[in-house]
Each structure stands twice: as structure tokens, then as C-alpha cells.
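An overview of the molecular structure
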Amino acid sequence: MIRLGITGGIGCGKSYIAHLLQERGIPVYDTDREAKRLMLSHPAVRKSLIELLGESVYQGSVLNKPLLAGYLFACKDNAERINKIVHPCVYEDFLCWAESHKLSGKNLVAMESAILFESGFNRAVDRVLMVYAPMELRIRRAMERDHASEKQVRSRMAAQADDEEKMKRSDYVITNDGISSLDTQLDCILQALKE
């Protein structure tokens, strides 16, 4: 089985590429969605978050998102504390998820993560596919999708690893510029993975 990591910056189209893979019958693990699930359901994560932020981090079975976000974005050290709690559980959960798909006969699974390299999730995959899009297009997409200002989007982008660095560390790059055919590029990559 091959485990493929999908990464790229904000607004590049990672989720769309993940959707195209799913249309081709390839299971995709969405690290953002699964991290949110684990923050609610994983006993060790819940315990650690309560120890770090207090009982009010949960309101019954619901995560207190404003409290968590306020803590996360207050400083880099805070984000690192949260990541040290959540990322190892996501990593292990992905490996179990991938193994279950292997047992059911899948030869290829994927993990979608904006912070694949930053989180160390790249160690859980065999190959990395980076989705690239020009900066101005990414900004426009993110502003429309998130109803955010250009300043907010640029601030989020500044917190992520540089595209050039991600490209160097990736095995494949898909250009999502609205001109190049995504299907053609993706099919070529899938063919290369089969070989």
C-alpha cells in the first residue's frame, strides 16, 4: 500500500484534489476534520486540553472554539502546546485508518494536510503531492471561501511553510492555476504511483 500525503498553502486547492481522488475511489484522511473529531472523542486529548486550558475548554460534549482559538493565536508557543497534544493522536489515528483500508484491499490511500511537513505527518506517508497555485489566486480564493480580508489571509499564509520549500520536499506537484488540467496532472501522478 502507498500512503500519499497531499499538502499546499491556503487557497491552493488541496481539498479539491482530495475530492478528485475520492471520486477515483481513493480514500482520503482529512487531518483538519479528524483533529476536530479527536479533540472531542479521544480521552487523552480531552484530559490534556482540560489540564492546559481548564474545564471550560469543553461545554458538555462541545469544544469551546472561541476559548481554544484565543489561546492558539495568542502566541506561537501556545499553538505548539496544542499541537503537541493533538498531532501525535492524529498521526496514530491516520496509521490505524490506513491499515484498515489496507486490510480491505486498498492499494492507495491519501492524507490531506496543510501542515504536512510542519506537523511531521510527512513521516506517516510514502510520497508527497503538493498542490501549487499562484499567490494572488490563492489569496482571492481564500478571501471568498473564508469571508476573510486580504490582511487576514496574508497573515495565515505567513504562518505556513514557504511554497518553494514544500515543492523541494514533495515528490509530485500539481499546478492549480485555473488553466492547467487537474485531471490530466492527477492521472499522470496516479499512473506513476502504480508503476
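Residues numbered from 1 in each chain as written. Predicted model: local features only at pLDDT ≥ 70, side-chain atom pairs only at ≥ 80, totals over all residues. Heavy atoms only, no water.

The subject of this paragraph is the nonpolar core. Soluble globular proteins tend to pack their nonpolar side chains together in the buried interior. Grouped together as the largest cluster of nonpolar side chains are 29 residues, with contacts concentrated most on Leu49, Val86 and Phe94. Secondary structure elements with two or more residues in this core: helix H2 (31–41), helix H3 (43–53), helix H4 (65–72), helix H5 (76–103), strand E5 (108–112) and helix H6 (116–119). If you tally residues by element for this core, the top one is H5, at 9 residues. Those residues in contact with Phe94 that lie beyond four places of it in its chain are Arg3, Tyr29, Ala110, Met111, Ala124 and Val125. If you look at the next biggest cluster of nonpolar residues, it comprises 21 residues, including Leu21, Ala110, Ala133 and Leu186. (Core = buried A, V, L, I, M, F, W, Y, C linked by side-chain atoms within 4.5 Å. Buried < 20%, exposed > 50% of the residue type's maximum accessible area, 1.4 Å probe, protein only. Helix = DSSP H or I, 4+ residues; strand = E, 2+ residues; numbered from the N terminus. Contact = heavy atoms within 4.5 Å.)

Moving on, we get to the layout of surface pockets. Roughly 1,900 Å³ of internal volume is contained in the largest pocket. Asp32, Leu72, Phe73, Asn83 and Ile115 are the residues nearest the centre of the largest pocket, which is lined by 49 residues in total. Of all the secondary-structure elements, those providing two or more residues to the lining of the largest pocket are helix H1 (14–23), H2, H4, H5, H6, helix H7 (135–146) and helix H8 (150–158). Residue contributions to the lining of the largest pocket peak at 11 residues, all from H5. A breakdown of the residues in the lining of the largest pocket according to their chemical character gives 21 nonpolar, 12 polar and 16 charged. A volume near 200 Å³ is recorded for the second largest pocket. Together, Ile2, Gly25, Ile26, Lys106, Asn107, Leu108, Leu190, Leu193 and Lys194 line the second largest pocket. Sort the elements by how many residues they give to the lining of the second largest pocket and helix H10 (residues 182–194) lands first, with 3 residues. Residue classes in the lining of the second largest pocket are distributed as 5 nonpolar, 2 polar and 2 charged. (1 Å grid on protein atoms, 1.4 Å probe; cavity = no way out; pocket = protein on both sides within 12 Å on 5 of 7 lines; lining within 4 Å. Points joined across faces, edges and corners; volume = space filled by probe spheres on them. Nonpolar A, V, L, I, M, F, W, Y, C, P; charged D, E, K, R; others polar.)

Further remarks concern the environment of Tyr172. As for its placement among the helices and strands, Tyr172 is situated in strand E7 (residues 172–175). Residues Tyr172 and Ile6 lie 166 residues apart in sequence; the distance between their C-alpha atoms is 9.5 Å. Those residues within four positions of Tyr172 in sequence are excluded, and the remaining contacts are Arg127, Val128, Leu129, Met130, Ile189, Ala192 and Leu193.

Note that all results are geometric; they support no functional claim without further evidence.
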